[in-house]
Amino acid sequence: MSDSNKKPNVLEGFKAFLMRGNVIDLAVAVVIGAAFTNIVNTVVKGVINPVVGAFGTKDLDSYSSCLKGPCEVVDGTEIGIRIMWGSVLGATLTFLITAAVVYFLMVLPMSKYLARRAEAQKAQEGAKKTPEATELEVLKEIRDALVAQRVPGQSAPSTQSHQG
């Protein structure tokens, strides 16, 4: 009987998890990230590699160094140990381009927007506090005027008289 009670609770919890806004936002971010990665890879292969090709080979992946032995292909098998540093350079360029685009097109504008929004909210709060401050000053002035009008020999009710 406890198993039948446990299954609906697990399903309800899973449903609540899926219905959170965070999960949907995350799914959208993953899909957009995958599409964006494809664009960046195409830019690296279509633009960066040909620019590098003007100074050397057409493809960054073909840049390598031989670590051990003569690096050559004999009968379909490679002899020697080849370090493919061109692939690492291409991946690094892809990362840097991705990071730059994300920063300049998404993070920086969002930061500026949030800063402007915080300033506007702070200004609104300041505007709300100003009338409260002047109201408090008016009440202090009324109190001081009442104290000044009091007969000199008469004691005024005080909130501190019960403490002594």
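Caption draft 1: Fine view of the packing of aromatic side chains. Per the counting criterion, the structure on display carries two aromatic pairs. Judged by centre distance (5.4 Å) and plane angle (35°), the rings of tyrosine 63 and tryptophan 85 are tilted. Here tryptophan 85 lies in helix α3 (residues 85-149) and tyrosine 63 lies in the loop between α2 (21-53) and β1 (65-74), a separation of 22 residues in the sequence. When the ring of tyrosine 103 is compared with that of phenylalanine 104, the centres are 5.1 Å apart and the planes differ by 80°; the resulting orientation is edge-to-face. Note on tyrosine 103: relative accessible area 39%, which makes it partly exposed. Looking at phenylalanine 104, the relative accessible area reads 52%, which means it is exposed.

Caption draft 2: Structural context of the confidence of the model for the protein chain. Per-residue confidence for the protein chain averages 78 on the pLDDT scale, and 81% of its residues sit at or above 70. Least confident of the elements in the protein chain is helix α1 (residues 2-19), whose mean pLDDT is 71; most confident is α3, at 84. Note on residues 159-164: pLDDT is under 50 here. Beyond four places in sequence and across chains, it has zero contacts.

Caption draft 3: Quick look at the pattern of salt bridges. Across all of its chains, the model carries one salt bridge by this definition. Notably, a salt bridge pairs arginine 143 with aspartate 144, separated by 3.1 Å at the nearest N-O pair. On the basis of relative accessibility, which here comes to 48%, the residue arginine 143 falls in the partly exposed class. When its relative accessible area of 42% is taken as the criterion, aspartate 144 is described as partly exposed.

Caption draft 4: Broad picture of a nonpolar patch on the surface. Judged by side-chain polarity, Ile39, Val43, Val47, Val51 and Phe55 come together as a nonpolar surface patch covering roughly 510 Å² of accessible area. Along the polypeptide, valine 51 turns up in helix α2. Take valine 51: its relative accessible area is 48%, and that puts it in the partly exposed class.

Caption draft 5: The arrangement of the environment of glycine 69 in detail. Position of glycine 69 relative to the elements: it lies in strand β1. Linking glycine 69 and arginine 82, residues 13 residues apart in sequence, is a C-alpha distance of 9.1 Å.

Caption draft 6: Structural detail: the state of the cysteines. The tally for this structure, following the rule as stated, stands at one disulfide. Between the sulfur of cysteine 66 and that of cysteine 71 lies a disulfide, 1.9 Å long from S to S. Because the sign of the S-S torsion sets the handedness, a value of about 85° for the bond joining cysteine 66 and cysteine 71 places this disulfide among the right-handed ones. With relative accessibility at 36%, the residue cysteine 66 sits in the partly exposed group. Residue class for cysteine 71 comes out buried when judged on its relative accessible area of 19%.

Parameters at a glance
Residues numbered from 1 in each chain as written. Predicted model: local features only at pLDDT ≥ 70, side-chain atom pairs only at ≥ 80, totals over all residues. Heavy atoms only, no water. Phe/Tyr/Trp six-rings, centres within 6.5 Å; stacked < 30°, edge-to-face > 60°. Helix = DSSP H or I, 4+ residues; strand = E, 2+ residues; numbered from the N terminus. Buried < 20%, exposed > 50% of the residue type's maximum accessible area, 1.4 Å probe, protein only. pLDDT = per-residue confidence, 0-100. Contact = heavy atoms within 4.5 Å. Salt bridge = Lys/Arg side-chain N within 4 Å of Asp/Glu carboxyl O. Patch = residues over 30% accessible without salt bridge, like charges linked within 9 Å, V, L, I, M, F, W, Y side chains within 5 Å. Areas by Shrake-Rupley, 256 points an atom, 1.4 Å probe, with all protein chains shown as cover. Disulfide = S-S within 2.5 Å.

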